[in-house]
Amino acid sequence: VCRRAETGHDEQGVTTAMISVGERAPDFELQDHLGRKVKLDDFKGKRHVLLLFYPLDWTPT
Amino acid sequence: VYLNDPGITDRATVIIDSEGVVRFVESVGPGGKRDIAALAAECERIDRECSGSTEDLPAPGDLGKGTVLYVRNNCGASRAALAALGNCHLGGVEVRNVSENPSALKQLEKISGGGQAPCLVTDGKPLLESDKIIACFADAGAPL
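Parameters and conventions
- The numbering scheme is per chain: residues are counted from 1 as the chain's sequence reads.
- Think of it this way: whatever chain is written first is A, whatever ligand is written first is 1, and the rest follow in order.
- Two thresholds apply to this predicted model, a pLDDT of at least 70 for residue-level local features and 80 or more for giving and counting side-chain atom pairs, whereas whole-chain, interface and lining totals are computed over all residues.
- The side-chain values count all of the structure's non-hydrogen atoms but skip hydrogen atoms and water molecules.
- A run of H or I in DSSP counts as a helix once it spans at least four residues, and a run of E counts as a strand once it spans at least two, with each numbered from the N terminus.
- Summary of the burial criterion: residues with accessible area below 20% of their type's maximum are buried, those above 50% are exposed, and those between are partly exposed, where the area comes from a 1.4 Å probe applied to protein chains only.
- Any pair of residues with heavy atoms lying within 4.5 Å of one another is described as a contacting pair.
- Should a side-chain nitrogen of Lys or Arg be within 4 Å of a carboxyl oxygen of Asp or Glu, the pair is scored as a salt bridge.
- Polar contacts, as counted here, are pairs of nitrogen or oxygen atoms within 3.5 Å of one another; within protein the pair requires one atom able to donate a hydrogen and one able to accept it, and residues that are adjacent in sequence qualify only if both atoms are side-chain atoms.
- DSSP-based pairing: two strands are paired if at least 2 bridges between them are found.

1. Some remarks on the overall build of chain B
Point 1. Within chain B one finds four helices and six strands.
Point 2. Its helices and strands in sequence order give chain B the pattern β-β-α-β-α-β-α-β-β-α, from N to C terminus.
Point 3. Burial statistics for chain B: of 144 residues in total, 38% are counted as buried.
Point 4. Of the contacts made within chain B by residues no fewer than 6 positions apart, 51% connect residues no fewer than 24 positions apart.

And the structure:
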């Protein structure tokens, strides 16, 4: 979802940008904090989704 | 990107609505601070849009009568289990602190064969390790 935080460059030097408000989120599958696979599509039409990336600090994500 | 790209330390916050549209997005570096006020404002906006009945919302989970969570003082794993219990809005779970209640410690030792806490006891069966206990709470408290 966050293609890369803020505008920057990936390893190949390609400019990448953060997703914006109003854009349709691409479908994705991520591990949650318990290591379970969660797909955005699982929530479609049911619930809003809050993604909170919390790297380091002894967390897996 | 984050999980497959070692070295990423940015902390992102994203809200995607049930139609798949991004409603809020923010990312800060290791020294940054999340804009909690902006996040709360968007949550309140979303809340106001939800004019439907709350009857459609899933009822809080319940692990069943007689479920006990044994915890101890000065224990990060116990604190994590307690926080998960609160966050999952589960009913029917009694908390017993073995650091402050000697009889609770004896019960725990009898059930689990040791004094390790946190320990979740459901139907007389002990579940040790906070990550497993938290996963149990998450499963019980957040049905899709």
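2. A word on the pattern of salt bridges
All names here are of chain B.
Point 1. The tally for this structure, following the rule as stated, stands at four salt bridges over all chains.
Point 2. Across the pair arginine 23 and glutamate 42 runs a salt bridge, and its minimum N-O distance is 2.9 Å. Within this pair, whereas arginine 23 is found in strand E2 (residues 22-28), its partner glutamate 42 is found in helix H1 (residues 36-49), the two being separated by 19 residues in sequence. Neither arginine 23 nor glutamate 42 differs from the other in exposure class; each is buried.
Point 3. Of the charged contacts in the structure, one is a salt bridge between glutamate 42 and arginine 45, with a shortest N-O distance of 2.8 Å. Taken together, the residues span about one helical turn, with glutamate 42 and arginine 45 both in helix H1 at a distance of three residues.
Point 4. Note on glutamate 42: relative accessible area 5%, which makes it buried.
Point 5. Accessibility expressed as a relative area gives 40% for arginine 45, which makes it partly exposed.
Point 6. Linked through salt bridges whose partners overlap, the residues forming this network are Arg23, Glu42, Arg45 and Glu49.

3. Topic: the environment of glycine 61 of chain B
Point 1. Within the element layout of this structure, glycine 61 of chain B appears in the loop between H1 and strand E3 (62-71).
Point 2. Not counting the four nearest positions on each side in its chain, glycine 61 of chain B is found in contact with His89, Leu90, Gly91 and Ala140 of chain B.

4. Things to note about the environment of arginine 23 of chain B
Point 1. For arginine 23 of chain B, a relative accessible area of 18% gives the class buried.
Point 2. C-alpha separation for the pair arginine 23 of chain B and leucine 39 of chain B, spaced 16 residues apart in sequence, amounts to 10.0 Å.
Point 3. Filtering out sequence-adjacent residues up to four positions away, arginine 23 of chain B remains in contact with Val21 of chain A together with Ile15, Asp17, Glu42, Ile46 and Glu49 of chain B.
Point 4. Side-chain polar atoms of arginine 23 of chain B contact the side chain of glutamate 42 of chain B, separated by 2.9 Å.

5. Here's the deal with the pairing of E2 of chain B
Where a strand is regular, its side chains alternate between the two sheet faces.
Point 1. A large share of E2 of chain B lies buried, amounting to six of its seven residues.
Point 2. Counted between consecutive antiparallel strands, the loop separating strand E1 (residues 11-16) of chain B from E2 of chain B contains five residues, among which glycine 20 of chain B sits at a positive phi close to 90°.

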